[in-house]
Amino acid sequence: MMRNSQTVNNLIEAQFHYFESGSPEKAATIVGRLMEPLYNLGRYPELLGILRNTIEKVDDLDSRFYIYQARALMALGRADEALAILQLVHFEVEDDPELQAAILVDKGGALRRMGEFWRADEIIKDYEEAYRIYSELSPLTESEADKKIFLENTATCLFGEGTVYQYFLDEPGKAIEKYYQAQEAFGQVQSPDGIADCTKQIGEIYANRRFSTFYDRDKAEILLKRALDVFESINYQKGVLETLYQLGRLRRDNQAQARKLFERYLELAGQLGLIREEAVAKRHLAELRFQEARQGEPASVDVPEVYANVTRLLNEAITVLQLFEFDIWSRRVLVNCYYQMGLVLLAQDQNETALENFKRGLQVSDEPVFEGRFLSDVRRRTLLLLSAIQLMLLMEDQLPAIEELLATHLADFELLGLPYPAPSQVREVIARLKKGE
Amino acid sequence: MGSQRVAKISSGRSRIIRMSMSAVRLTDVPGILDVSPRVAANAIGPISKSSAFIQCLSSASTQAGVDALIGFAEQLKFGDKPADEVLQDHGVDKSIRRPAAKFIEMAIEKLREDLAAQSRSTESAIAVEDALPKSVIDLLRVYLPKAEAMTADRTQFIEVFRKADARKIENTVMHHVISSLIDRILDAARGDELGRKAAKAKRKISEDFVPKFNKKIDQLAREKGIPPSQVPKHIPEWADELESFISKYRD
């Protein structure tokens, strides 16, 4: 795998030169060689820019260019555009099983990013179909290199299935089983990033309190660190970034450590031009700094200055995250940003603006993308609802509005097994939600 | 939300792609450039009103394919209904933000429904099923910036079909039907060992020979004042002219 930045930079120069000198076909040949390494280096905005230019200037490009355009878009949080491309390219490659399989794998990723949980069975079937295709292609080729690629791709299919079990179906046991199978296949082709990706995913499952039978922080930390070491040793920035994020979340109880991890995450995301990830980092840093200020740490902390800093971070994050309309991760973080902003404003006795932010968060968390009724989404929505109600109770003439809000979210209380709260119980229910009960 | 792992694409495939990507490289492949028009002409065979190729080109399936796209465009241009309703009538729900794939899927489904059971599995029906998506994608690429074509949203999609004139749509569909029919004949004729060579020949035929043949049909249609939506059914009437055109490429 070409991960040498200098080689990639030389190819970027070369394609630029060919375009400038009026040889677009030659430039396209170079871009064709550049797509995979540039993607693997996590330089998605650059890849997308190069592909846009190539697609505009060169006729009759083959389907791989569009597949990589979709991949870059997906990595940049634009999964709905990626899916649109993949669906059309799928029609164009009907007589090419290998590309069809690649598209099935990518489609699964896009649907997952868009939060289309009701299509979980369809996605799993697509991964199974892709697995079947790669398994059948392998004996047909004499090239050892191609055999290796097909085997690695079967591992990628198993990995994809694992993610659906983990994120969509809440079946961590089944997910781990798939990751171990994938890891074994990645091992056979000596793919360190594949092996480490599986390690990271398993670590993420052990780090998740929601999976109570698996929850084990120490084990999670060992696995995530192991994955991070591998990613760093092979300069796999995408893997480094994702693992820093998971470690940061795991260490949230140790604010200083978590802050360091998210600062590193922010820096790397900036280097890679990933504005969504930068926004995510800012929201976490804002939360950590707010908590530190609330606890009076360090003793010399200038609280108003910290609040101003936190507000700036959240505003920057919100501005970016609003752009990612169809990316479920971005929408979740956006909801969290509004909630956090509400808390910061409350701490400064700005109740009305705090209420506005809780309501904005509630509005986002009512979007169709959250109809999946994942308990974590429902919990987040209910927290915002009750936070808003708590403030509304302090204001005059709000009872009809409160009743209306509650009436539209009754099902959430049922799903969470929470009592429908009387006004006097709102504070207590909020506390329970924050504890993750 | 976890890692995004993607499938790798084999080096064998990449080699094919690189070799077929530019005409310059195609010249390196002995014989392909020189023989592709002859390969196409021989695949089509002698043209007469009753020849298989002409029967396929003028079949109800081809007519249905042309009608599907021209009909949709005309509803958008001249119909009373709002564009969203027209899309809805074509099976594209309002919730679908990027309608191209769904539109194609539904157009193919309708084509299958409209054709009599015995026509569904004919060569021409299969060729039209292959041509419809490629035609829609081509039209998007013609009327939108190419880098945005594949991600067209509802407004862009509607605008493309409002802009596209009927003759452009008909020509695009016919191009892909002709290409697909020739591909199918070559697939049936060739042995497996010719796989890679055949792929290059097909591509070359689609790029060079098919536009010329299609242009001849278009020229005949214009001369005889045939509206675009009626072209497929009139093709047998032009068998002599088409035979005369194609015979110069034949052995």
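The paragraphs below set out a description of the structure included in this document. Given the structure is predicted, the values throughout are model-derived calculations rather than measurements. (Residues numbered from 1 in each chain as written. Chains lettered and ligands numbered in written order. Predicted model: local features only at pLDDT ≥ 70, side-chain atom pairs only at ≥ 80, totals over all residues. Heavy atoms only, no water.)

What to know about the interface of chain B and chain A
Put simply, the rule reads: Every residue pair with non-hydrogen atoms within 4.5 Å of one another is taken to be in contact. When two parts are put together, the accessible area they lose, computed with a 1.4 Å probe and summed over both, is reported as buried area. Just to be clear on terms, a salt bridge is a Lys or Arg side-chain nitrogen sitting within 4 Å of an Asp or Glu carboxyl oxygen. Two N or O atoms form a polar contact when they lie within 3.5 Å of each other; inside protein one atom must be a possible hydrogen donor and the other a possible acceptor, and for residues adjacent in sequence the pair counts only when both atoms belong to side chains. The secondary structure listing takes helices from DSSP runs of H or I that are at least 4 residues long and strands from runs of E that are at least 2 residues long, numbered from the N terminus. Amino acids are sorted into nonpolar (Ala, Val, Leu, Ile, Met, Phe, Trp, Tyr, Cys and Pro), charged (Asp, Glu, Lys and Arg) and polar (every other residue, Gly among them).
Each partner contributes to the interface: chain B provides 38 residues, whereas chain A provides 66 residues. For the pair chain B and chain A, the two sides together bury roughly 4800 Å², of which 55% comes from carbon and sulfur. The tally of links between chain B and chain A comes to 9 salt bridges. In this structure, Arg5(B) and Asp193(A) form a salt bridge, with 3.1 Å as the shortest nitrogen-oxygen distance. Inspection of the region where chain B meets chain A yields 13 residue pairs in polar contact (both at pLDDT 80 or more). Every element with two or more residues in the side of chain B that touches chain A is listed here: α1 (11-21), α7 (100-114), α8 (123-143), α9 (146-149) and α12 (195-223) of chain B. Ranked by the residues each element gives to the side of chain B that touches chain A, the list is headed by α1(B), at 7 residues. Broken down by class, the residue content of the side of chain B that touches chain A amounts to 16 nonpolar, 9 polar and 13 charged.

Some thoughts on the pattern of salt bridges
Here is the rule: Each residue gets one of three labels from its accessible area relative to the maximum for its type: buried under 20%, exposed over 50%, partly exposed in between, using a 1.4 Å probe on protein chains only.
Counted under the stated rule, the structure contains 51 salt bridges over all chains. Taking the shortest distance from any N to any O, the salt bridge between Arg276(A) and Asp327(A) comes out at 3.0 Å. Here Arg276(A), found in helix α14 (residues 275-294), pairs with Asp327(A), found in the loop between α15 (303-321) and α16 (328-347); they are 51 residues apart in sequence, far enough to count as distant. Of the two residues examined, Arg276(A) and Asp327(A), each falls in the buried class. Across the pair Arg184(B) and Glu123(B) runs a salt bridge whose closest N-O atoms are separated by 2.6 Å. Of this pair, Arg184(B) sits in helix α11 (residues 166-189) while Glu123(B) sits in helix α8, placing them 61 residues apart in sequence. By relative accessible area, Glu123(B) is classed as partly exposed at 38%. Several salt bridges converge on common partners, so that one network encompasses Glu152(A), Asp193(A), Asp197(A), Arg5(B) and Lys8(B).

Digging into the packing of helix α10 (residues 192-206) of chain A against helix α11 (residues 217-233) of chain A
Residues and elements named next belong to chain A. Heads up, the rule is: For helices, the fitted line uses only the C-alpha atoms of the stretch in contact; every axis is such a line through C-alpha atoms, and the angle between N-to-C directions lies from 0 to 180 degrees. Throughout, the term roughly parallel applies to angles under 35 degrees, roughly antiparallel to angles over 145, roughly perpendicular to angles from 65 to 115, and oblique to all others. By the definition used in this description, the sense in which the near helix is turned from the far one sets the handedness, with an anticlockwise turn below a right angle giving left-handed and a clockwise turn giving right-handed.
Two elements in contact, α10 and α11, have axes separated by 8 Å at closest approach and are oriented at 160°. One element, α10, and the other, α11, form an angle in the roughly antiparallel class. Between α10 and α11 the crossing geometry is left-handed. From α10, Pro-192, Asp-193, Ala-196, Asp-197, Thr-199, Lys-200, Ile-202, Gly-203, Glu-204 and Tyr-206 reach across to α11, where they touch Arg-217, Lys-219, Ala-220, Leu-223, Leu-224, Arg-226, Ala-227, Val-230 and Phe-231. Of the residues that constitute the contact of α10 with α11, the class distribution is 10 nonpolar, 2 polar and 7 charged.

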